[in-house]
Amino acid sequence: MSLTQYNQYLQSIDLDHQTFMSIVDAYRTRNINALLSALSKRPMLFARQLARVIRAFPDQIELTAGSFAVAGRQLPAPVLVHLHNQFANAQRGVGVHVTLDHQRHVQALAAPLVSPEQASLVLWAIECCLSGRLRGQKFCFAVADYSRVMPVEDISAQCNPSFDGAVNLYSAPLWEDFPLGEGELLWASGVRQHFGGYGLALHFYDGQLRRVGGADRYAPTTEHSCFWDGVHRPGELREHAEVQLRAAVEAGIRYVLLSAEVELPIPGVTACEHHSVHSAAEDVPERVQPYFRALRGHATKGVELTHQGDKYRLVPGAARTACALLDLYTQRVCTLEAGLGVGPEHDAHLRGLVAQNVEYKPMTVRQYLDVTGASVVQVPVGVKIVARSGERFDPASLYEL
């Protein structure tokens, strides 16, 4: 790392050289007291380093949790909710198979990053930091609003003073509505700019998270899925993977995972400009990124679009990107944006991602009100916020009180 890169790194994590070196020395000399003293003066840095400190000093978990219970009170609530989600799910055993490093590449875990017992102590510390923030406040919401998910501030960018490849606890993205409505078809589409292959693929899983086939260039056509491509514009081909929704559900398919890879050459980018054949994803423009869309047949118009989702970014340096996971039953989608490698562990990584995102439970509005000391009432008298059925309620508004 050059001096310029080093200074840029310190600026990115809002850290001065002296504090940085004190943290590095504390890890190197295994001085837990010096480490916690330095991190307590930087609560946001402490939040980013929390799981790492626990792994480095597993026998000092009580001291670590106690220090964070004090320092963490200065952190904004969205950061604490993010940490609560991570450790609450770790306590439940979710996120123990795979996780993501700071470049969003999937890493297999030989053992959980933190134990359920360690996670329980950290949860106590986090809830100490949230406790009392809404004490004395009264709220009255529509019933459905209590189960809405609290937004978070993502702090997963790795702050790793030892530069030894440490990874983060897994944080699942939030599920968003993907209305299929009266759609009869699900298309995954993407444009490839060369004949080497864009690598679009769908992976199918049933309700028990078992792999039940897929759709890609080499998969056979079935009653519920097929794959084809065609000329999009001169020099470009559009790839399509199609799913017949009714037939897919009848075949036991519940989850559809979209993945894609980009191989060299991309026009205007030479092989010598890349360190590896799989680094081209960072050069893929938005207009050729893959996406989902729902369609239905029309008597006079042929195929009619009913809903189109967002385009999904491909992870730089990854052989393949797990882009998004769609639940056909609940009609919701989550953006994975996880980089995959090649080899025999590929399928295991995919299944681990599917399982963790399906099983992951983020903090709800009701849980946030409980942990912060707020009161929930049935009659809107003397309440802070009233949200009745049909009114739009933004859970983030609770952070502003």
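Presented here is a report on the structure given in the accompanying data block. Model, not experiment: these values are computed from the prediction.

**Some thoughts on the overall build of the protein chain**
Within the protein chain one finds 10 helices and 16 strands. When the 401 residues of the protein chain are sorted by exposure, 51% land in the buried category. Across the protein chain, every contact between residues at least 6 apart in sequence was considered, and the portion connecting residues at least 24 apart equals 71%. By element, 50% of the accessible surface of the protein chain is carried by carbon and sulfur atoms, the whole surface being about 19,200 Å².

**Focus on unusual backbone geometry**
Unlike most non-glycine residues, L209 shows phi in positive territory, near 65 degrees. Turning to its location among the elements, L209 is positioned in the loop between β6 (201-205) and β7 (211-216). A relative accessible area of 7% means that L209 is categorised as buried. The phi dihedral of Q331 is positive, around 55 degrees, even though this residue is not glycine. Position of Q331 relative to the elements: it lies in the loop between β13 (320-327) and β14 (332-340). In this structure Q331 comes out as partly exposed when scored by relative accessible area, which is 28%.

**What to know about the nonpolar core**
Counting residues in hydrophobic clusters, the biggest one holds 57 residues, and the most contacted among them are F68, F87, Y368, L369 and L398. Counting residues per element, the ones that place at least two in this core are α2 (17-29), α3 (32-40), α4 (43-56), α5 (61-71), α6 (77-91), α7 (116-130), β3 (138-141) and α10 (365-371). Core analysis: the next-biggest nonpolar cluster, separate from the first, contains 26 residues, L200, V256, F292 and L326 among them.

**Comments concerning the sheet that holds β7**
Here six strands make up an open sheet; going across it, the order is β4-β14-β13-β10-β6-β7 and the pairing antiparallel. The outermost strands of the open sheet, each flanked by one partner alone, are β4 (176-177) and β7. As defined by bridge partners, β6 adjoins strand β10 (residues 255-260) across five bridges and the pair is classed as antiparallel. When the bridges of β10 are listed, A201 appears paired with S259. Relative to β14, helix α9 (residues 346-359) is tilted by about 145 degrees, and along the sheet it contacts β6, β7, β10, β13 and β14.

**Here we look at the pairing of β6**
For β6, a buried count of five out of five residues is recorded, marking the element as mostly surrounded by other parts of the structure. One ladder, built from four bridges, connects β6 with β7; its direction is antiparallel. Bridging across to β7, L202 finds its partner in A215. What sits between the antiparallel neighbours β6 and β7 is a turn of five residues, in which L209 has the positive phi angle 65 degrees.

**A short note on the packing of α4 against α5**
α5 packs onto α4 with a crossing angle of 165 degrees between their chain directions and a minimal axis gap of 11 Å. Looking at the two axes, α4 sits roughly antiparallel to α5. Judged by the twist between their axes, the crossing of α4 over α5 is left-handed. Packed against α4, whose contacting residues are P43, F46, A47, L50, V53 and I54, the element α5 presents I61, T64, S67, F68 and A71 at the interface. Here the residues of the contact of α4 with α5 are counted per class, giving nine nonpolar, two polar and no charged.

**Details of the pattern of salt bridges**
Within the structure shown, the criterion is met by 11 salt bridges. In this structure, the salt-bridge partner of R320 is E261, at a minimum N-O distance of 3.3 Å. With R320 in strand β13 and E261 in the loop between β10 and β11 (291-298), this residue pair connects regions lying 59 residues apart in the sequence. Neither R320 nor E261 differs from the other in exposure class; each is buried.

**Notes on the side chain of D101**
Relative to the helices and strands, D101 is located in the loop between β1 (98-100) and β2 (106-108). Look at D101: it is buried, it has no salt bridge, and the nearest opposite charge is R104 at 8.1 Å. Of the polar contacts made by the side chain of D101, one reaches the backbone nitrogen of H105; its length is 2.9 Å.

What counts, and at which threshold
- Residues numbered from 1 in each chain as written.
- Predicted model: local features only at pLDDT ≥ 70, side-chain atom pairs only at ≥ 80, totals over all residues.
- Heavy atoms only, no water.
- Helix = DSSP H or I, 4+ residues; strand = E, 2+ residues; numbered from the N terminus.
- Buried < 20%, exposed > 50% of the residue type's maximum accessible area, 1.4 Å probe, protein only.
- Contact = heavy atoms within 4.5 Å.
- Areas by Shrake-Rupley, 256 points an atom, 1.4 Å probe, with all protein chains shown as cover.
- Core = buried A, V, L, I, M, F, W, Y, C linked by side-chain atoms within 4.5 Å.
- Pairing = 2+ DSSP bridges.
- Axes fitted to C-alpha atoms, helices over the stretch in contact; angles between N-to-C directions.
- Parallel < 35°, antiparallel > 145°, perpendicular 65-115°, else oblique.
- Left-handed = near helix turned anticlockwise from the far one by under 90°.
- Nonpolar A, V, L, I, M, F, W, Y, C, P; charged D, E, K, R; others polar.
- Salt bridge = Lys/Arg side-chain N within 4 Å of Asp/Glu carboxyl O.
- Lys, Arg positive; Asp, Glu negative; His and termini not counted.
- Polar contact = N/O pair within 3.5 Å; in protein donor to acceptor, adjacent residues only side chain to side chain.

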